[in-house]
Amino acid sequence: QVQLVESGGGLVQAGGSLRLSCAASGRTGSRIPLGWFRQAPGKEREFVAAIKLVGTTIYANSVKGRFTMSRDNAKNTVFLQMNSLKPEDTAVYYCATFGGGNYYSNTSYNVWGQGTQVTVSS
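Residues numbered from 1 in each chain as written. Predicted model: local features only at pLDDT ≥ 70, side-chain atom pairs only at ≥ 80, totals over all residues. Heavy atoms only, no water.

### Topic: the sheet that holds strand β8 (residues 77-82)
So, step 1. Strand order in the open sheet made by the four strands is β1-β3-β8-β7, with antiparallel pairing throughout. A single partner strand is all that each edge strand has here, and the edge strands are β1 (2-7) and β7 (67-72). Strand-to-strand, the axes of this sheet are offset by a mean angle of 15°, without reference to chain direction.
So, step 2. Two elements, β7 and β8, share six bridges in a ladder whose sense is antiparallel. Of the residues in β8, the one forming a bridge with T68 is Q81. (Pairing = 2+ DSSP bridges. Helix = DSSP H or I, 4+ residues; strand = E, 2+ residues; numbered from the N terminus. Axes fitted to C-alpha atoms, helices over the stretch in contact; angles between N-to-C directions.)

### Points about the side chain of E6
So, step 1. For E6, the location among the structural elements is in strand β1.
So, step 2. Buried charge without a partner: E6 forms no salt bridge, and the closest opposite charge is R45, 7.6 Å away.
So, step 3. Here the side chain of E6 touches C95 through a polar contact of 2.8 Å, landing on its backbone nitrogen.
So, step 4. At a separation of 2.9 Å, a polar atom in the side chain of E6 contacts the main-chain amide nitrogen of G115.
So, step 5. If we skip the residues at most four places from it in the chain, E6 touches S21, C22, W36, Y93, Y94, C95, G113, Q114, G115 and T116. (Buried < 20%, exposed > 50% of the residue type's maximum accessible area, 1.4 Å probe, protein only. Lys, Arg positive; Asp, Glu negative; His and termini not counted. Salt bridge = Lys/Arg side-chain N within 4 Å of Asp/Glu carboxyl O. Polar contact = N/O pair within 3.5 Å; in protein donor to acceptor, adjacent residues only side chain to side chain. Contact = heavy atoms within 4.5 Å.)

### Side note on the state of the cysteines
So, step 1. Under the criterion given, the structure shown has one disulfide.
So, step 2. One disulfide bridge connects C22 with C95, the sulfur atoms lying 1.9 Å from each other. An S-S torsion of about 60° defines the bridge between C22 and C95 as right-handed. Here C22, found in strand β3 (residues 18-26), pairs with C95, found in strand β9 (residues 91-98); they are 73 residues apart in sequence, far enough to count as distant. (Disulfide = S-S within 2.5 Å.)

### Here's the deal with the packing of aromatic side chains
So, step 1. By the definition in use, this model includes eight aromatic pairs.
So, step 2. Taken together, the ring pairs in this structure connect F37, F47, Y94, F98, Y103, Y104, Y109 and W112 into an aromatic cluster.
So, step 3. In this arrangement the basic side chain of R45 is found over the ring face of W112, its NZ or CZ atom lying 4.7 Å from the centre. (Phe/Tyr/Trp six-rings, centres within 6.5 Å; stacked < 30°, edge-to-face > 60°. Lys NZ or Arg CZ within 6 Å of the ring centre and 35° of its normal.)

Next up, the structure:
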C-alpha cells in the first residue's frame, strides 16, 4: 500500500507563489500516476493536475498556465508549483494515486493524502 504526505501549503498574497510537495512511501517500486485535487469550503473536490506514467501532465483550465506539476522519481515525490495565485485558489490541496479511468474524476483515484491548506489573501 502507498502512503502519501502533502506539504508546502500556507498563506500567501494574491499574485504570490507556493510549491506543494507530495511524498509517496510504501509500495512505490514502480511509477504511479498521481493527481492533485483541491477542495474549498462548501464545494466539491475538484481536479487540479495529474501526471501520467509517461510523464505527460494535464491541468484544469482554471490553473493552466499558472500551475506546473512535476515529479522526482528518485525521491518518490511530486510537486505542484503554483504561481500567480488568486483568492479563488484557496482550498485544501490533496494528492492521490490514479487507479484507472478518467484522470479528471476523483473516483479514479484510490489513495489520498491528508491534504495541505492553501490560503490566498486578496
